[in-house]
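Here are the chains, one letter per residue:
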Protein chains: 2
Amino acid sequence: MAAVQNVSVIYHSIPNGIPTSENLPIVTNTIVATPPTSGVVLEVLFVSLDPFLRGKMRSAETKSYSVAFASGQPVTGFGIARVFASDTLILSKGDIVRSSSIHFSKYQVVDGAGIAQLEKLDNKDNFPLTRYLGILGMPGLTAFYGLYHVGGNLRKGETILVSAATGAVGQVVGQLAKREGLRVVGTAGSDDKVMYLKEELHFDDAWNYHNESAADAIGKYIPEGIDIYFDNVGGELLDAAIENANNFARIIACGAISQAGLPPNKRYKYNNVSLIVGKRIKLQGFIVLDVPQNSPEVVEEFRHKISEFLRKGEIMFKEDIVNGIENTADAFAGIFNGKSFGKTLVQFSD
Amino acid sequence: MAAVQNVSVIYHSIPNGIPTSENLPIVTNTIVATPPTSGVVLEVLFVSLDPFLRGKMRSAETKSYSVAFASGQPVTGFGIARVFASDTLILSKGDIVRSSSIHFSKYQVVDGAGIAQLEKLDNKDNFPLTRYLGILGMPGLTAFYGLYHVGGNLRKGETILVSAATGAVGQVVGQLAKREGLRVVGTAGSDDKVMYLKEELHFDDAWNYHNESAADAIGKYIPEGIDIYFDNVGGELLDAAIENANNFARIIACGAISQAGLPPNKRYKYNNVSLIVGKRIKLQGFIVLDVPQNSPEVVEEFRHKISEFLRKGEIMFKEDIVNGIENTADAFAGIFNGKSFGKTLVQFSD
């Protein structure tokens with residue numbers, strides 16, 4: 001049967017900090033593009049570059065909520081693919097599927113047991129497919145669940161700080177919080193991004209964290225104190241947010257990208273944790289991967305609401321789509337070094 | 001009218017760490033023991049020595065949830081007093097009252113406006129009066145509210161770690177948690193206290209924090225990991241508890257006695273805060289003084305349940321009653337240096 005040339009992003013070695021193409025080389029081989037019994041062959045269209053993938057690039061001995069990648073295997077994550085060939089009744093050639101088990105390869109062979117991990121997208125609203133990896137996908141659910149169900153109890157006029165605010169999660173959090181009547185302040189890593197937050201997403205204020213220390217900036221942009229902090233970065237900003245939190249503040253601990261991949265002795269040392277008692281702060285971590293199983297009703301609510309906002313044009317979503325599988329490692333580094341702007345995806349095929 | 005000699009514990013100066021009698025001198029003066037119009041004169045029987053008093057011994061410029069003490073005025077806190085003379089209809093000579101505004105003095109003159117701060121105790125169960133400052137008072141409510149309403153969602157077989165476990169709050173937390181079917185492990189500052197926890201309060205295990213590092217001890221006594229940590233101490237043990245927390249652990253941040261009075265640059269630096277995301281930890285601070293206003297129904301539930309446990313002899317409460325107002329400063333230091341054993345009170349009069 002039809003042999004095709006396949007190209008894959010392979011997990012080769014544990015990155016020292018930010019991943020490079022040495023850690024994530026491109027490997028080419030030839031595969032037979034015939035579906036196994038009851039399986040399919042997928043042509044991968046888009047893959048989603050998410051911070052949690054960095055957490056999987058570790059020694060399998062280091063415990064975490066996610067399974068470590070095995071060296072020599074393709075990177076695996078969220079993606080959108082088109083069915084290239086099928087030996088199933090449930091999927092036909094040309095169908096579009098979404099999965100959290102997409103190989104970062106041009107082609108992926110899925111056996112019968114793997115079919116259950118594929119979600120067929122009907123996309124009756126005719127949204128760009130990439131939306132299903134962003135605002136309608138895991139990052140959107142992260143924003144929605146974190147803001148409403150971990151933070152919760154949003155009161156008009158409260159101030160929320162959102163870090164990594166132009167990122168896949170942050171931009172959704174900020175826009176949802178604006179809808180709720182909160183004062184929304186964001187941080188980002190360039191003046192362009194700060195401008196975008198203020199001009200396009202209507203954040204009340206924003207600052208470039210390269211230009212000002214966290215403590216100075218909070219004093220300047222949030223003199224009234226922080227009621228809610230949606231934390232995507234951890235480290236210095238989290239510590240300063242605790243120090244400048246109002247009584248009964250809620251800190252939604254969504255990520256700690258500033259601490260990604262650091263060994264324990266290199267991690268940021270927090271000075272203000274003892275203030276949590278007197279300020280009655282709730283600091284709560286969560287992982288979006290728990291949500292479908294633990295709170296399926298929230299997933300439904302999320303889909304319904306966000307689809308409606310998108311149809312009505314009431315919410316925006318900025319994507320940073322990089323073209324070509326060979327640019328995957330660089331694009332992934334962009335999440336950590338601040339070069340990406342918006343939800344970062346790589347397009348593997350048209 | 002009757003002049004009486006009064007003796008008071010005065011707040012004189014900000015302590016450097018643990019308070020001493022230099023910070024809290026005894027002052028004697030003569031007062032007229034006649035009630036003002038619509039007021040009373042109280043004879044103070046017992047005062048409660050609670051860690052939050054240390055927080056009030058600070059510069060008024062340092063913001064906190066509680067008002068700072070004014071230098072030269074008597075220390076003021078929770079206490080039990082007997083009405084010595086009354087110009088009211090609501091209180092008669094000999095009545096017993098409880099208040100959070102008791103002066104640490106032999107006699108206290110309360111004017112008409114202050115009467116509302118006095119709670120008349122009927123004590124129909126004939127409990128020792130000191131119980132109303134301990135298990136039936138603020139520390140008991142702290143334990144009850146913290147465990148059930150901040151922690152919440154207790155599941156049989158989970159493991160709870162309680163620090164300062166022979167303290168006023170810790171001993172109640174541990175016994176309530178045992179009733180719920182949890183595995184209860186405590187820390188204390190002497191071998192006698194550890195023995196008490198295991199033999200008298202039936203803790204499943206306990207260790208002396210002077211003998212073992214937090215990390216070593218948790219590995220040894222809680223190899224299964226921590227599901228709930230009721231934190232009264234902060235610092236190294238809190239950091240180690242985060243590191244050894246199971247997924248979805250709840251940390252009830254009740255106090256940080258190890259950090260009491262430390263300037264920001266001397267505070268413990270926490271290394272493990274970034275783990276809160278992946279472990280989905282909820283770390284929540286609370287102050288019991290909020291509870292009567294925000295959750296009056298919890299206060300009722302608390303009174304009802306704990307009174308019943310006490311009547312049935314199903315719960316114990318160890319008190320450390322120091323005799324004589326002149327020993328107040330030393331007794332207060334005992335809370336911080338580990339010399340006190342159980343809820344610490346001072347008896348001023350019979």
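Note that the coordinates shown come from a computational prediction; the quantities given were computed from them, not determined experimentally.

1. As for the environment of Asp205 of chain A
Residue and element names in this part refer to chain A.
Line of reasoning, step 1. Relative to the elements of secondary structure, Asp205 occurs in strand β10 (residues 205-208).
Line of reasoning, step 2. For the pair formed by Asp205 and Met195, sequence separation is 10 residues and the distance between their alpha carbons is 9.5 Å.
Line of reasoning, step 3. Those residues in contact with Asp205 that lie beyond four places of it in its chain are Arg183, Val184, Val185, Gly186, Lys198 and Tyr221.

2. Some thoughts on the UniProt feature "domain: Enoyl reductase (ER)" (unreviewed entry) in chain A
Line of reasoning, step 1. The positions UniProt marks with the feature "domain: Enoyl reductase (ER)" (unreviewed entry) are residues 20-346 of chain A.
Line of reasoning, step 2. The distance from the first to the last C-alpha atom of residues 20-346 of chain A is 16 Å, and the span holds 27% helix and 25% strand.

3. Topic: the interface of chain B and chain A
Line of reasoning, step 1. Of the residues lining the interface, 31 residues belong to chain B; the matching set on chain A comes to 31 residues.
Line of reasoning, step 2. Together, the buried faces of chain B and chain A total about 2,600 Å²; carbon and sulfur atoms form 58% of this surface.
Line of reasoning, step 3. On the surface where chain B and chain A come into contact, there are two salt bridges.
Line of reasoning, step 4. Between Asp290 of chain B and Arg280 of chain A there is a salt bridge whose closest N-O contact spans 2.7 Å.
Line of reasoning, step 5. Listed by contribution, the elements that provide at least two residues to the side of chain B that touches chain A are β12 (245-253), α7 (275-278) and β13 (282-285) of chain B.

4. Some thoughts on unusual backbone geometry
Line of reasoning, step 1. For Phe248 of chain A, which is not glycine, the phi dihedral falls at a positive 65°.
Line of reasoning, step 2. Position of Phe248 of chain A among the secondary structure elements: in strand β12 (residues 245-253).
Line of reasoning, step 3. In this structure Phe248 of chain A comes out as partly exposed when scored by relative accessible area, which is 38%.
Line of reasoning, step 4. Residue Asn153 of chain B is not a glycine yet carries a positive backbone phi of 55°.
Line of reasoning, step 5. Mapped onto the fold, Asn153 of chain B is located in the loop between α2 (138-151) and β8 (159-162).
Line of reasoning, step 6. For Asn153 of chain B, a relative accessible area of 56% gives the class exposed.

5. So, the relation of the copies chain B and chain A
Line of reasoning, step 1. Overlaying chain B with chain A gives an RMSD of 0.0 Å, the required rotation being 180° about an axis along which the chain moves by 0.0 Å. Put plainly, the chains are arranged around a two-fold axis.
Line of reasoning, step 2. Here 100% of the interface residues in chain B have copies in chain A that are interface residues too; the copies meet face to matching face.

6. Focus on the pairing of strand β15 (residues 343-347) of chain A
Residue and element names in this part refer to chain A.
Line of reasoning, step 1. The element β15 is largely enclosed, with a buried count of five among its five residues.
Line of reasoning, step 2. Side chains Lys343, Leu345 and Gln347 project from β15 onto one buried face, and the interleaved Thr344 and Val346 project onto a second face that is buried too.
Line of reasoning, step 3. With three bridges connecting them, strand β3 (residues 40-48) and β15 associate as antiparallel partners. If you follow Ser48 over to β15, its bridge partner there is Leu345.

7. What about the side chain of Asn272 of chain A?
Line of reasoning, step 1. Within the element layout of this structure, Asn272 of chain A appears in the loop between β12 and α7 (275-278).
Line of reasoning, step 2. Since its relative accessible area comes to 3%, Asn272 of chain A is described here as buried.
Line of reasoning, step 3. At 3.0 Å, the side chain of Asn272 of chain A and the backbone oxygen of Asp239 of chain A are in polar contact.
Line of reasoning, step 4. Only 2.9 Å separates the side chain of Asn272 of chain A from the side chain of Arg267 of chain B, close enough to count as a polar contact.
Line of reasoning, step 5. Contact partners of Asn272 of chain A, with chain neighbours within four places excluded, come to Asp239, Ala240, Ile242 and Glu243 of chain A together with Arg267 of chain B.

8. Examining the pairing of strand β4 (residues 76-86) of chain B
Consecutive residues of a regular strand have side chains that alternate between opposite faces of the sheet.
Line of reasoning, step 1. Strand direction decides the pairing type here: strand β3 (residues 40-48) of chain B and β4 of chain B, joined by seven bridges, are antiparallel. By the bridge assignment for β4 of chain B, Val44 of chain B is matched with Ala81 of chain B.

9. A few points about the packing of helix α5 (residues 214-221) of chain A against helix α6 (residues 235-243) of chain A
Residue and element names in this part refer to chain A.
Line of reasoning, step 1. Axis separation between α5 and α6 bottoms out at 9 Å; the angle between their running directions is 45°. As summarised for this structure, α5 and α6 are arranged oblique, according to the angle between their axes. In terms of crossing hand, the pair formed by α5 and α6 is right-handed. Contact residues: Ala214, Ala215 and Ile218 in α5; Glu236, Leu237, Ala240 and Ala241 in α6.

10. Focus: the packing of α2 of chain B against helix α3 (residues 170-179) of chain B
Residues and elements named next belong to chain B.
Line of reasoning, step 1. Two elements in contact, α2 and α3, have axes separated by 8 Å at closest approach and are oriented at 45°. Here α3 runs oblique to α2, going by the angle between their axes. The handedness of the crossing between α2 and α3 is right-handed. Between α2 and α3, the contacting residues are Ala143, Phe144, Leu147 and Tyr148 on the first element and Val172, Val173, Leu176 and Ala177 on the second.
Line of reasoning, step 2. In terms of residue class, the contact of α2 with α3 is made up of eight nonpolar, no polar and no charged.

Conventions and cut-offs
- Residues numbered from 1 in each chain as written.
- Chains lettered and ligands numbered in written order.
- Predicted model: local features only at pLDDT ≥ 70, side-chain atom pairs only at ≥ 80, totals over all residues.
- Heavy atoms only, no water.
- Helix = DSSP H or I, 4+ residues; strand = E, 2+ residues; numbered from the N terminus.
- Contact = heavy atoms within 4.5 Å.
- UniProt positions renumbered as here; feature names shortened; annotations may be inferred.
- Buried area = accessible area lost by both parts, 1.4 Å probe.
- Salt bridge = Lys/Arg side-chain N within 4 Å of Asp/Glu carboxyl O.
- Buried < 20%, exposed > 50% of the residue type's maximum accessible area, 1.4 Å probe, protein only.
- Least-squares fit on C-alpha atoms with pLDDT ≥ 70 in both.
- Pairing = 2+ DSSP bridges.
- Polar contact = N/O pair within 3.5 Å; in protein donor to acceptor, adjacent residues only side chain to side chain.
- Axes fitted to C-alpha atoms, helices over the stretch in contact; angles between N-to-C directions.
- Parallel < 35°, antiparallel > 145°, perpendicular 65-115°, else oblique.
- Left-handed = near helix turned anticlockwise from the far one by under 90°.
- Nonpolar A, V, L, I, M, F, W, Y, C, P; charged D, E, K, R; others polar.

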